[in-house]
Amino acid sequence: MKTWTALLALIWASITLIGCSEPQETKQSSPVAVSVVVLKAEEIRPSREFVARTAASARADITPRIEAEIREILFTEGAKVDQGELLIRLEDTRASADLQQADAELAAARAEMESATRNLRRGEEVSEKGFLSEADLDKLKDRFNAAESRLQAAQAAVQKAGTNLDYAEMRAPVDGWIGRLNYDVGAVVSPSTGPITSVLVTDPMYVEFQVNEADFVSFRRRGAESAEAFSKSLGLYLTLPDGERYEQAGVLDFADVQTDASTGTVAMRAVFPNADAVLVPGLYVTLRVEGQSGEPRVLVPQVAVQETLEGTFVLVVDDANQVAQRFIQTGSREGALLVVNSGLEAGDRVIVEGLQKVRPGVTVSAARKQIDPQTGSLTQAGEESQ
């Protein structure tokens, strides 16, 4: 009995000590680290974007002008070639034989012409003395005329045969890039078989696009001179299929004189320098046409923008280093940035890294970073005060 009494007393004492002990203080969590970009206002010129396609500014098909066998290919497909460079040799045996035959016929025609000339001269001399009738003199004149015609025909045949022999060597007509080979060595080609290959001129490069009728009419309403001056004042830029911006600017070059009845659009063309051959024909690109002047607009990094059913928003850090949610409206894209129509101001600190770790009302430690406006890459710009 005493044992049970002592055990109960010990349990009661333990409960009493537990109940009287002080609660442990909860360790306060440290601020969440995030990265922010301080928004700036920059001049944004009014712009339009069009889906466009590149095209060679010139194309020369290398088509045989005689029927012959391909004897030698002297170029590499896809390589750059210079004007006058020898590309293909055709079998020239037949052309060479034709030239020799034409030379022989020309020699015979010259001999005949010399004989007819001598006979006519003698006939005219004796005719004046009354020793040759008018009829016989006319025959001599006819032979001279016939010999002269045969000589001219023989000269033309030599020229044609020589040209055909020259055609056995096919040269690049312009500076450019040579395409794929359609026939191999040993193939018999002729004018009817089509081009053996093609040379494309890609510097400059054409960029073709379509504009709607209303915009085109507005453009033409300016008049020829003012429209030309207006087109020169525009800034034309390309975004390539990999998302990178083409470093060279272009100029407006051509507008069609009629609309496409099926689409209600007008074909237009821009010209871009392409000395480094970055552009190739057939690329789908985005053509951006910018006006001459603009107005200051706030830009926000695209990486900071989030979407919900309620709308588009970003997370900002206020002066107390607390996170706040801002619903915004955005406009056109400027590289890695978006134009802000409403909801943000210059100087706002927008979170670009650590978005998944925070929510509105949370205190954060903000590190300021800079963003490349074209690529979107972030670089350290110093720590913000906590």
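Scroll up to find the structure this text is about.
Residues numbered from 1 in each chain as written. Predicted model: local features only at pLDDT ≥ 70, side-chain atom pairs only at ≥ 80, totals over all residues. Heavy atoms only, no water.

A. Up close: the packing of helix H2 (residues 93–128) against helix H3 (residues 134–167). At a closest axis distance of 7 Å, the pairing of H2 and H3 adopts a crossing angle of 160°. Taken as axis vectors, H2 and H3 run roughly antiparallel relative to one another. Our pair here, H2 against H3, has a crossing hand that is left-handed. Tallied by class, the residues present in the contact of H2 with H3 amount to 18 nonpolar, eight polar and 11 charged. (Axes fitted to C-alpha atoms, helices over the stretch in contact; angles between N-to-C directions. Helix = DSSP H or I, 4+ residues; strand = E, 2+ residues; numbered from the N terminus. Parallel < 35°, antiparallel > 145°, perpendicular 65-115°, else oblique. Left-handed = near helix turned anticlockwise from the far one by under 90°. Nonpolar A, V, L, I, M, F, W, Y, C, P; charged D, E, K, R; others polar.)

B. Here's a closer look at the pattern of salt bridges. This structure, assessed with the given rule, holds 10 salt bridges. A salt bridge links Arg171 to Glu169; its shortest N-O distance comes to 3.2 Å. By relative accessible area, which is 35% here, Glu169 ends up partly exposed. By sharing partners, the salt bridges in this structure join Glu72, Arg89, Glu169 and Arg171 into a single network. (Salt bridge = Lys/Arg side-chain N within 4 Å of Asp/Glu carboxyl O. Buried < 20%, exposed > 50% of the residue type's maximum accessible area, 1.4 Å probe, protein only.)

C. View of the side chain of Thr265. Structurally, the position occupied by Thr265 is in strand S13 (residues 265–272). Thr265 gets classed as buried once you look at its relative accessible area, which sits at 16%. A distance of 3.1 Å separates polar atoms of two side chains, one belonging to Thr265 and the other to Gln210. (Polar contact = N/O pair within 3.5 Å; in protein donor to acceptor, adjacent residues only side chain to side chain.)

D. Inspection of the pairing of strand S17 (residues 311–317) at higher detail. The buried fraction of S17 is high, at seven of seven residues. Where strand S16 (residues 306–308) lies against S17, three bridges are found, and the strand directions are antiparallel. The partner of Glu307 across the bridge, within S17, is Thr312. Hairpin remark: S16 followed by S17, antiparallel, with two residues in the connecting loop. One ladder, built from two bridges, connects S17 with strand S21 (residues 349–353); its direction is antiparallel. In the sheet register, Val316 faces S21, and the bridge partner there is Val350. (Pairing = 2+ DSSP bridges.)

E. Looking closely at H3. Between its first and last C-alpha, H3 extends 49 Å over 34 residues, near the 50 Å set by a 1.5 Å rise per residue. Buried-residue contacts for H3 involve H2. (Expected span 1.5 Å × (residues − 1). Contact = heavy atoms within 4.5 Å.)

F. Looking closely at the packing of aromatic side chains. If you walk through the whole model with that rule in mind, you get three aromatic pairs. Residue placement shows Arg245 over the ring face of Tyr237; its charged tip is 4.2 Å from the ring centre. Over the aromatic face of Tyr206 sits the side chain of Arg269, whose NZ or CZ is 4.0 Å from the ring centroid. (Phe/Tyr/Trp six-rings, centres within 6.5 Å; stacked < 30°, edge-to-face > 60°. Lys NZ or Arg CZ within 6 Å of the ring centre and 35° of its normal.)

G. Highlighting the sheet that holds strand S15 (residues 295–301). Strand order in the open sheet formed by four strands is S2-S15-S20-S19, with antiparallel pairing between adjacent strands. At either end of the open sheet lies a strand with only one pairing partner, and these are strand S2 (40–44) and strand S19 (329–334). Sheet twist, expressed as the average angle between the axes of neighbouring strands with direction ignored, equals 50°. Here S15 runs beside strand S20 (residues 337–342); their pairing, made up of three bridges, is antiparallel. Bridge assignment links Leu299 to a residue of S20, and that residue is Val339.

H. Local environment of the nonpolar core. Ranked by internal contacts, the top residues of the largest apolar core, which has 20 residues, are Phe209, Leu238, Phe272 and Leu287. The contacts of Phe209, once residues within four sequence positions are left out, are Phe50, Val51, Ala52, Leu252, Val266, Ala267, Met268, Arg269, Ala270 and Leu287. Within the second largest apolar cluster, 19 residues are counted, among which are Leu39, Val300, Leu337 and Val352. (Core = buried A, V, L, I, M, F, W, Y, C linked by side-chain atoms within 4.5 Å.)

I. Quick peek at the sheet that holds strand S4 (residues 68–73). The four strands lie next to each other as S7-S6-S4-S9, forming an open sheet whose pairing is antiparallel. Because the sheet does not close on itself, it has two edges, and the strands there are strand S7 (169–171) and strand S9 (188–189). Bridging between strand S6 (residues 86–90) and S7 involves three bridges; their strand directions are antiparallel. For Ile88, the partnering residue across the bridge sits in S7 and is Met170.

The analysis is restricted to geometry; functional conclusions fall outside its scope.
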